[in-house]
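Okay, here's what each chain looks like letter by letter:
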Amino acid sequence: MNFNSDFKYDLQLGQLGEKYLNDILANKKIEVKTDLQFKDTGNIYIEYQSRNKPSGIATTQSDWYAFVLSKEKIILIETDKLKDICRKYIGTKFDKRGGDNNTSKGVCIPIKEIL
């Protein structure tokens with residue numbers, strides 16, 4: 001997109017962005033996850049199995065995932081896009097056990113992959 005110093009153009013563009021975000025927040029199902037360990041690991045853990053049954057992203061009904069990283073940082077990503085990213089990591093060194101007594105399985109997705 002080219003730079004434009006016309007306030008009316010910038011206002012219209014801003015309003016389109018506001019409408020887009022409003023449509024996401026008002027009309028879609030959003031799964032919200034908080035991952036504070038990403039600061040140390042650089043990864044976000046996304047569960048897909050618990051106690052040998054599909055769970056987490058494998059069973060979600062959400063349209064979007066929101067990752068709350070801090071009060072100032074929230075990442076929104078479409079669930080289908082996140083599933084595509086997760087599939088690349090299943091069966092790799094990023095596929096890990098976790099949760100209560102390590103009864104869950106999930107993938108550690110590098111934060112840069114989601115951004």
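Let me begin by describing the structure that accompanies this report. Keep in mind that what you see is a predicted model, and the values were worked out from it rather than measured.

Charged atoms that come close allow side chains of opposite charge to pair. Scanning the entire structure with this criterion turns up 4 salt bridges. Here Glu31 ties to Lys33 by a salt bridge, and the two come within 3.2 Å at their closest N and O atoms. Glu31 sits in the partly exposed class, given a relative accessible area of 21%.

Quick look at the sheet that holds strand 4 (residues 64-68) now. In spatial order, the strands read 1-4-5; together these 3 strands make up an open sheet with mixed pairing. Strands at the two margins of the open sheet, each flanked by one partner only, are strand 1 (30-34) and strand 5 (74-78). The sheet shows a mean angle of 20° between the axes of neighbouring strands, taken without regard to direction. In this structure, strand 4 lies alongside strand 5, joined through 5 bridges in antiparallel fashion. Among the inter-strand pairings, Tyr65 is bridged to a residue of strand 5, identified as Ile77. Contacting strand 4 and strand 5, helix 3 (residues 79-87) runs over the sheet at an angle of about 90° to strand 5.

Structural remark: α-helix, 3.6 residues per turn; residues separated by three or four positions point the same way. All of the buried residues along helix 3 are Thr79, Leu82, Ile85 and Cys86. Seen along its axis, helix 3 keeps its buried residues to an arc of 120°; they face one direction. The exposed residues of helix 3 that point more than 90 degrees off its buried face are Asp80 and Arg87.

For the rest of this paragraph, the subject is a nonpolar patch on the surface. Together, Leu21, Leu25, Ile74 and Leu76 give the surface a local cluster of nonpolar side chains, amounting to about 360 Å² of exposed area. Looking at the secondary structure, you find Leu21 in helix 1 (residues 7-27).

Assignment of secondary structure puts Ser104 in strand 7 (residues 104-110). At a separation of 3.3 Å, a polar atom in the side chain of Ser104 contacts the side chain of Glu47. With residues up to four places along the chain from it excluded, the contact list for Ser104 reads Tyr45, Glu47, Gln49, Ser50, Lys96, Arg97, Gly98 and Gly99.

By the secondary structure assignment, Ile46 is in strand 2 (residues 43-50). For Ile46, the residues in contact, after removing those within four places along its chain, are Ile57, Phe67, Leu82, Cys86, Gly106, Val107 and Ile109.

Parameters and conventions
Residues numbered from 1 in each chain as written. Predicted model: local features only at pLDDT ≥ 70, side-chain atom pairs only at ≥ 80, totals over all residues. Heavy atoms only, no water. Salt bridge = Lys/Arg side-chain N within 4 Å of Asp/Glu carboxyl O. Buried < 20%, exposed > 50% of the residue type's maximum accessible area, 1.4 Å probe, protein only. Pairing = 2+ DSSP bridges. Helix = DSSP H or I, 4+ residues; strand = E, 2+ residues; numbered from the N terminus. Axes fitted to C-alpha atoms, helices over the stretch in contact; angles between N-to-C directions. Contact = heavy atoms within 4.5 Å. Arc of directions from axis to C-beta. Patch = residues over 30% accessible without salt bridge, like charges linked within 9 Å, V, L, I, M, F, W, Y side chains within 5 Å. Areas by Shrake-Rupley, 256 points an atom, 1.4 Å probe, with all protein chains shown as cover. Polar contact = N/O pair within 3.5 Å; in protein donor to acceptor, adjacent residues only side chain to side chain.

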